[in-house]
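Below, each chain spelled out in residue letters.
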Amino acid sequence: MTLETLSTWKSFGGTQGVYRHASRETGTDMTFAMYLPPQAEAPGARLPVLWYLSGLTCTHANVMEKGGYQRACAELGLIFVAPDTSPRGPDVPDDPAYDLGQGAGFYVDATQPPFAKNYRMHSYIADELPSLIEEQFPVDPARQGITGHSMGGHGALTLALRHPGRHRSVSAFAPIVAPAQVPWGEKALGAYLGADRAAWRGHDAVALIEDGARVAELLVDVGDADPFVEKQLRPERLEAACAEAGIPLSMRLQRCYDHSYFFISTFMADHIAWHAERLQGG
């Protein structure tokens, strides 16, 4: 698979890059950011990889420029991959609203027109992009972690739950934990997957846990000043589901923090260290 390097910068001894390739899943060009720490230059290196899934309206650039992960990844020897949030282009279906269409793929494989042709973000993130990364970069596929923010936190939780054993570590910043039960998710899942709510359960973290899916443990940070907590995020529903299922959950309510990248960047190093501890060893 041909990979085009769009830009690279030296950062904390490693390399921050932006890359583009033609995706068979989305039928479009897809762009992603990747940080390679200095340890990646060692002969024969195979390093753990942390996937970061972004939220509504974002591209790869938001976390790359505002997330502040490069120093921690350089110190701990983690590769960091940040995909885009949807297919893009003039021929890709869109919507005037910020929470549907381009920039709002919700990490599902759409089944409904006009989105079904291009909006295959679950398969892109779960299968196509990891295969490309393994071919082109010094990653150890046996040592993968995943995290994300808001819509991307939803994606991180659901991908980990749907693919048991693939990710050694799972965390999230202010995730949408039960999209089938909140306005953002009801709008997106209805448009992408249709009116049958049974089809939505495979892309709802709380429903997946209720239906028997499991991960070893979870770390979640939410700001108590986040304006979306009560209506869109509903972290208490994840707490209840994990308690019922016996999944260890560290739910940290961060005082006075909101939904922004000021919040994410404050706790990014904590999450990276947490993942690094669980991704040690072969």
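Residues numbered from 1 in each chain as written. Predicted model: local features only at pLDDT ≥ 70, side-chain atom pairs only at ≥ 80, totals over all residues. Heavy atoms only, no water.

(A) Highlighting the sheet that holds strand 7 (residues 169-173). The strand order across the open sheet built from nine strands is 1-2-3-5-4-6-7-8-9, with neighbouring strands paired in mixed fashion. Looking at which strands have only one partner, the edges of the open sheet turn out to be strand 1 (4-11) and strand 9 (249-254). Across this sheet, the average inter-strand angle for adjacent strands is 20°, counted without regard to direction. Each of strand 2 (14-22), strand 3 (29-36), strand 4 (47-53), strand 5 (79-83) and strand 6 (139-148) touches helix 3 (residues 121-136); the most contacted strand, strand 3, lies at about 55° to it. (Pairing = 2+ DSSP bridges. Helix = DSSP H or I, 4+ residues; strand = E, 2+ residues; numbered from the N terminus. Axes fitted to C-alpha atoms, helices over the stretch in contact; angles between N-to-C directions. Contact = heavy atoms within 4.5 Å.)

(B) Spotlight on the packing of aromatic side chains. As enumerated under the stated definition, the model contains 13 aromatic pairs in all. Ring centres of Phe-115 and Tyr-119 lie 5.2 Å apart, and the angle between their planes is 90°; this geometry places the pair in the edge-to-face category. Tyr-119 gets classed as buried once you look at its relative accessible area, which sits at 1%. Relative to Tyr-192, the ring of Tyr-119 lies with its centre 5.5 Å away and its plane at 25°, an arrangement referred to as stacked. Pair noted here: Tyr-119 is in the loop between strand 5 and helix 3 and Tyr-192 is in helix 5 (residues 183-193), with a separation of 73 residues, a long-range link. For Tyr-192, a relative accessible area of 0% gives the class buried. (Phe/Tyr/Trp six-rings, centres within 6.5 Å; stacked < 30°, edge-to-face > 60°. Buried < 20%, exposed > 50% of the residue type's maximum accessible area, 1.4 Å probe, protein only.)

(C) Region of the structure containing the environment of Ala-74. Within the secondary structure, Ala-74 is located in helix 2 (residues 70-76). On the basis of relative accessible area, Ala-74 is assigned to the buried category, the value being 9%. Distance from Ala-74 to Glu-134, taken between C-alpha atoms, is 20 Å for residues 60 residues apart in sequence.

(D) Representation of the pairing of strand 8 (residues 218-223) within the structure. With respect to burial, strand 8 is a largely interior element, six of its six residues being buried. Neither face of strand 8 is open: one carries Leu-218, Val-220 and Val-222, the other Leu-219, Asp-221 and Gly-223, and all of them are buried. Of the strand pairs in this sheet, strand 7 and strand 8 are connected by three bridges, and their pairing is parallel. Its bridge partner being in strand 8, Phe-173 is matched across the sheet by Asp-221.

(E) Fine view of the pattern of salt bridges. Tallying each qualifying case throughout the model produces 16 salt bridges. Among the salt bridges present, the one from Glu-277 reaches Arg-278, with a minimum N-O distance of 3.6 Å. When its relative accessible area of 59% is taken as the criterion, Glu-277 is described as exposed. (Salt bridge = Lys/Arg side-chain N within 4 Å of Asp/Glu carboxyl O.)

(F) The environment of Pro-183, seen in detail. Along the chain, Pro-183 falls in helix 5. When the C-alpha positions of Pro-183 and Lys-231 are compared, they lie 7.7 Å apart, and in sequence the two are 48 residues distant. For Pro-183, the contacting residues outside a window of four places in its chain are Lys-231 and Gln-232.

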